[in-house]
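Next come the chains, spelled out residue by residue.
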2 protein chains.
Amino acid sequence: MVQEKNERRSNISAQAPRPATALRHQGLREELIATAERVIETQGLEHLRARDLAVQAGCSVGAIYNVFTDLDWLILEVNANTLRAIGAKMAAAGGAAPLDCLLSLANAYLDYAVDHRRRWDALFNHRMPLDAVAPDWFIEVQNQAFSYIEAPLAQLRPDLPVPALGLLGRGIFAAVHGMVALGLDQRVGSYGVPALRAQIATVVRAITAGLPEVDLT
Amino acid sequence: MVQEKNERRSNISAQAPRPATALRHQGLREELIATAERVIETQGLEHLRARDLAVQAGCSVGAIYNVFTDLDWLILEVNANTLRAIGAKMAAAGGAAPLDCLLSLANAYLDYAVDHRRRWDALFNHRMPLDAVAPDWFIEVQNQAFSYIEAPLAQLRPDLPVPALGLLGRGIFAAVHGMVALGLDQRVGSYGVPALRAQIATVVRAITAGLPEVDLT
C-alpha cells in the first residue's frame, strides 16, 4: 500500500519513467531513506542537509528532488520507519492482564525513546508547513502504532464501541508520550529514567484502576 | 530573583555598565522580549530572526547580542512569560473537589494551547543545544506552573510525601500535555477540540478514580 502510493508520487515527478529508470529511481529512493536515517540516528534531524545527503548517497542534489518533492517527504519516510519500529516493540510487548499489558506497552515506548533518542525526537520535532496534512499512508502507520493499546482497553471496557475505544487508546498513548517527552527533556529538568519509569507506572496503574469506574455514556 | 539573575547575565556582557547605560540596556532588553513575543505569537518561532528583530526594535543586530548571549536566551525569556501566562490561567481554574479541580486545570491548559497556538508551540519546540541545561530561574517558573496540580492530588493521596506528590503532579501535567500536543498535531490527524476535550476528561476522570487505589509504597 505504502509502496503503491510512493510509486505514484515518484511517477508525478519523474513523468512515468521506463522500467530501467524506475529501478534506478527506486534504488536511489531507498539509498536516500537509509542515509537520512543514519544521519538522524547519529547526528539528529537538525543536521540533515540536502548537500551532505547527496555526497553520502553518491548523487547530485537535483537527483534528490527528482525522487522527493522536498526533504519533508524524505523525513516522513524515515519517521514512518521509526513508527514501524516502535510498533514492532509494542507488538512484542504485552501481557495477559490489562494492567501488565499496558505497563509493558508503556515501558516498550519509553525504552525506544531512550535507546533511539534522536530518531524518536525527529518523529515529534519534524514540522511540516502549517498547511500541510500528513498523507493517508502515514496516518495509517501511526494508527497501527496506536492500535496495540486497544486490546487491553477493550478488556477493561468491553462496553465501549470501536470509535470510542480508538479515541481512548490514542489518549492514553498520548498521555504516556507526554510523560516520556517532558521527562526526557533537559529544559524541564530531567529526573532520570528510573524515576520517569516509576512515574509512568503510577499514572498507568491509576488509569487502569479507574477506567472501569468512569461513566462514558 | 529572575531580575537579579538577568542583571548578572547582562553585566557579564556589558562589563558593569554605568547607571544610564544600564537603564538603556534594560529598556532594550524589555523591548526585545516584547518584540520577540509579538513575532512568535503572530508568525511563529521559525520566523524569529535577529535582523528582523533589530529593525522592529530599532537597534542594531550587534546591540541584541550585547543584551542576550544568543537568541536562545531571548526565546527562553519569552517562553518563561508563556509559562507564567499558563500558570495564571491554571491559578484561576480550580474547584473544591479534586475531580472538578483537575478537570478545570486540564481545560485551562487546553484552552491556552488552542488560543495561543504558536506561542504554546514555541514553548515545546524551542531546542536548546543538546548540552545546554535550562537555568535555575527557568526551572522555577516551570515548577510553579506544575505546582497547581498538586493541591487536588494531595486531597486524593494525603499519604504521599511532598517529593512523590511533585513527581506525580508532573506526570499528570505531562500526560495532559501529551494529549493536547498530539491532539492538536495535524500530522497525527487532528480530530477537533471537542473530541480532544472529551478524551482528556475521560483520562483525567480515570486517573482521579484510580489514584486512591494505587499501591505507592
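Residues numbered from 1 in each chain as written. Chains lettered and ligands numbered in written order. Predicted model: local features only at pLDDT ≥ 70, side-chain atom pairs only at ≥ 80, totals over all residues. Heavy atoms only, no water.

Colleague: Explanation requested: the overall build of chain A in the structure shown.
Modeller: The helix and strand tally for chain A stands at 11 helices and 0 strands. When the helices and strands of chain A are read in sequence order from the N terminus, they spell out α-α-α-α-α-α-α-α-α-α-α. Looking at chain A residue by residue over its 217 residues, the buried ones come to 50%. Counting every atom, chain A has about 9,800 Å² of accessible surface; 56% of that belongs to carbon and sulfur. (Helix = DSSP H or I, 4+ residues; strand = E, 2+ residues; numbered from the N terminus. Buried < 20%, exposed > 50% of the residue type's maximum accessible area, 1.4 Å probe, protein only. Areas by Shrake-Rupley, 256 points an atom, 1.4 Å probe, with all protein chains shown as cover.)

Colleague: Would you mind showing me how to read the relation of the copies chain A and chain B here?
Modeller: A rotation about some axis, followed by a shift along it, carries one copy of the chain onto the other. Superposition of chain A onto chain B requires a rotation of 180 degrees combined with a translation of 0.0 Å along the rotation axis, giving an RMSD of 0.0 Å. On this basis, the relationship between the two copies can be described by a two-fold rotation axis. Looking at chain A, 100% of its interface residues are interface residues in chain B too, so the copies touch through the same face. (Least-squares fit on C-alpha atoms with pLDDT ≥ 70 in both. Contact = heavy atoms within 4.5 Å.)

Colleague: Sorry, what's going on with the interface of chain A and chain B here?
Modeller: Put simply, an interface is often sized by how much accessible area is lost when its parts join up. In this complex, chain A contributes 46 residues to the contact, which on the side of chain B involves 46 residues. Across the chain A/chain B interface, buried area totals approximately 3,900 Å², and carbon plus sulfur atoms make up 65% of it. Counting the contacts that link chain A with chain B gives 0 salt bridges. Here chain A is connected to chain B by 2 residue pairs in polar contact (both at pLDDT 80 or more). Breaking the side of chain A that touches chain B down by element, the ones donating at least two residues are helix 7 (117-125), helix 8 (136-147), helix 10 (162-184) and helix 11 (193-210) of chain A. (Buried area = accessible area lost by both parts, 1.4 Å probe. Salt bridge = Lys/Arg side-chain N within 4 Å of Asp/Glu carboxyl O. Polar contact = N/O pair within 3.5 Å; in protein donor to acceptor, adjacent residues only side chain to side chain.)

Colleague: What's the story with the pattern of salt bridges in this structure? I'm lost.
Modeller: Residue and element names in this part refer to chain B. For the structure on display, the rule yields 12 salt bridges over all chains. For glutamate 41, the salt bridge identified is with arginine 119, shortest N-O distance 3.5 Å. One end of the pair, glutamate 41, is in helix 2 (residues 19-42); the other, arginine 119, is in helix 7 (residues 117-125), with 78 residues separating them in the sequence. With its nearest N and O atoms 2.9 Å apart, the salt bridge here joins aspartate 111 to arginine 197.

Colleague: Mind showing me how you'd approach the environment of A:Phe124 here?
Modeller: All names here are of chain A. With respect to the helices, strands and loops of the structure, phenylalanine 124 is situated in helix 7. Since its relative accessible area comes to 18%, phenylalanine 124 is described here as buried. On a C-alpha basis, the gap between phenylalanine 124 and asparagine 79 in space is 8.9 Å, while along the polypeptide they are 45 residues apart.

Colleague: Just checking my understanding: could you explain the packing of helix 6 (residues 98-115) of chain B against helix 10 (residues 162-184) of chain B for this structure?
Modeller: Two numbers describe a pair of packed helices, the interaxial angle and the distance between the axes. Residues and elements named next belong to chain B. Packing of helix 6 against helix 10 leaves a shortest axis separation of 10 Å and a crossing angle of 35 degrees. Like other packed secondary-structure pairs, helix 6 and helix 10 cross with a definite hand, here right-handed. The segment helix 6 lies against helix 10, with Ala106, Tyr109, Leu110, Ala113 and Val114 engaging Phe173, Val176, His177, Val180 and Leu184. Per-class residue counts for the contact of helix 6 with helix 10 are 9 nonpolar, 1 polar and no charged. (Axes fitted to C-alpha atoms, helices over the stretch in contact; angles between N-to-C directions. Left-handed = near helix turned anticlockwise from the far one by under 90°. Nonpolar A, V, L, I, M, F, W, Y, C, P; charged D, E, K, R; others polar.)

Colleague: Would you explain helix 2 of chain B in this entry?
Modeller: For an α-helix, the turn length of 3.6 residues means that residues three or four places apart are oriented alike. All names here are of chain B. Spanning 24 residues, helix 2 covers 35 Å between terminal C-alpha atoms, matching the ideal 34 Å at 1.5 Å per step. The complete set of buried residues in helix 2 reads His25, Gln26, Leu28, Arg29, Leu32, Ile33, Thr35, Ala36, Glu37, Val39 and Ile40. A positive backbone phi angle near 105 degrees is found at glycine 44, which sits one or two residues after helix 2. (Expected span 1.5 Å × (residues − 1).)

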